[in-house]
Amino acid sequence: MAPFGQLLTAMATPMRQDGAVDFEMAGRLAQYLVDHGSDGVVVSGTTGESPTLTVEEKVELVRAVVAAVGDRAHVIAGTGSYDTEASVELTRRVSSAGAHGVMAVVPYYNKPPQEGLYRHFRAIAEATDLPVMLYNVPSRTSRNLEAATVIRLAQVPNIVAIKEAAGDMEQVTEIARGTDGALAIYSGEDSLTLPMLALGAVGVVSVASHVVGPDIKAMIQAFHAGEVAKARELHNRLLPVFRAMFITTNPIPVKWAMSLLGFDLGPFRLPLVPPTPEEQARIQEALRRYGVIA
């Protein structure tokens, strides 16, 4: 079961030079991603600089991207935060704006216990008829969504998937065993996609798919077709690009990398800053060696 497809791109948010969101470019970027292997896009997630986007900007991003690709791909809106009430309200608003699903991250900074996490995600799911994807990324939130809690949440009818980015293969196995196919597992880290496929994941919510989407899609399809050696070959070739996309804080590398492909996604909102000249050189070299740029 892959409710949102196999390859989702965690989409960067284009900005104009004055710092305003470029909604027209967002639509163009979404079209490009869908044309290059993505079955769907996640807007206003971490890669989309969600901490610095206003509620109105998040809702308008959904409208712009749905208008651009809504008949061709899944549009999932990031609605999670450290405030359950605010997350519920945003979930309702993006549902009305046309989103096809929502992704809710583990609350950050306030470090709720597992019971609090369960109630938080259940409240979000109960605020919408849309399918919900949980998002576990302890490196950013400081709190792990434990397998036992995920298994409980899988009993909520419209919680259908998890983006798992804890990097813990034992935890992935526990979730897969405990949900028995009822919950779709997506890798939240590009470099762990192939190992997680071997443990039962259906695909990835990817950052690197901005620049190498067709080959990531080919790797996933090869694995599911039983062509494991081909999938491993693609993984090994992709690995330097995966690493380059995370040499500094995401989305700094990928947003800058897209400028090399002809997509000027504009500046970053503070506290994010452009990559250093040394980081730029490493990103450019990785893409050149891969053959993405001349």
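Residues numbered from 1 in each chain as written. Predicted model: local features only at pLDDT ≥ 70, side-chain atom pairs only at ≥ 80, totals over all residues. Heavy atoms only, no water.

### Here we look at the packing of aromatic side chains
Within the structure shown, the criterion is met by two aromatic pairs. Arranged with centres 5.0 Å apart and planes meeting at 75°, the rings of Tyr82 and Tyr108 form a pair that is edge-to-face. Here the residue Tyr82 occupies a position in the loop between β3 (74–78) and α3 (84–97), and Tyr108 occupies one in the loop between β4 (101–105) and α4 (114–126), the gap between them amounting to 26 residues. Classification of Tyr108 as partly exposed rests on a relative accessible area of 27%. Positioned above the aromatic ring of Tyr118, the side-chain terminus of Arg152 is 3.7 Å from the ring centre. Above the plane of the ring of Tyr290 lies Arg237, whose end atom (NZ or CZ) is 3.9 Å from the centre. (Phe/Tyr/Trp six-rings, centres within 6.5 Å; stacked < 30°, edge-to-face > 60°. Helix = DSSP H or I, 4+ residues; strand = E, 2+ residues; numbered from the N terminus. Buried < 20%, exposed > 50% of the residue type's maximum accessible area, 1.4 Å probe, protein only. Lys NZ or Arg CZ within 6 Å of the ring centre and 35° of its normal.)

### A look at the sheet that holds strand β1 (residues 7–10)
Read once around its circumference, the closed barrel built from eight strands follows the order β1-β2-β3-β4-β5-β6-β7-β8, with strand pairing classed as parallel. Across this sheet, the average inter-strand angle for adjacent strands is 25°, counted without regard to direction. Taken together, the two bridges between strand β7 (residues 184–187) and strand β8 (residues 203–206) define a ladder with parallel strand orientation. From the neighbouring strand, Ser187 faces β8, where its bridge partner is Val204. Packed on one face of the sheet, α4 meets β4, β5 (132–136) and β6 (159–164) and runs near 165° to β4. (Pairing = 2+ DSSP bridges. Axes fitted to C-alpha atoms, helices over the stretch in contact; angles between N-to-C directions. Contact = heavy atoms within 4.5 Å.)

### Some words on unusual backbone geometry
The bulk of non-glycine residues show a negative phi, and the bulk of peptide bonds are trans. Geometrically, the link from Asn250 to Pro251 is a cis peptide bond, its omega value of 15° lying close to zero. With respect to the helices and strands, Pro251 occurs in the loop between α10 (228–244) and α11 (252–260). The peptide bond linking Leu270 to Pro271 adopts the cis configuration, its omega dihedral lying at 20°. With respect to the helices, strands and loops of the structure, Pro271 is situated in the loop between α11 and α12 (277–290). Despite not being glycine, Glu49 has its phi angle at roughly 60°, a positive value.

### Examining helix α2 (residues 55–69)
Counted at 1.5 Å a residue, the expected span for α2 with its 15 residues is 21 Å, and the 21 Å between its end C-alpha atoms agrees. Next to the buried residues of α2 lie α1 (23–35), β2 (40–43), β3 and α3. (Expected span 1.5 Å × (residues − 1).)

### Some words on the pattern of salt bridges
Using the criterion set out here, one finds 12 salt bridges in the structure. Among the salt bridges present, the one from Arg93 reaches Glu56, with a minimum N-O distance of 2.7 Å. Pair noted here: Arg93 is in helix α3 and Glu56 is in helix α2, with a separation of 37 residues, a long-range link. Overall, the relative accessible area of 26% leaves Arg93 in the partly exposed class. (Salt bridge = Lys/Arg side-chain N within 4 Å of Asp/Glu carboxyl O.)

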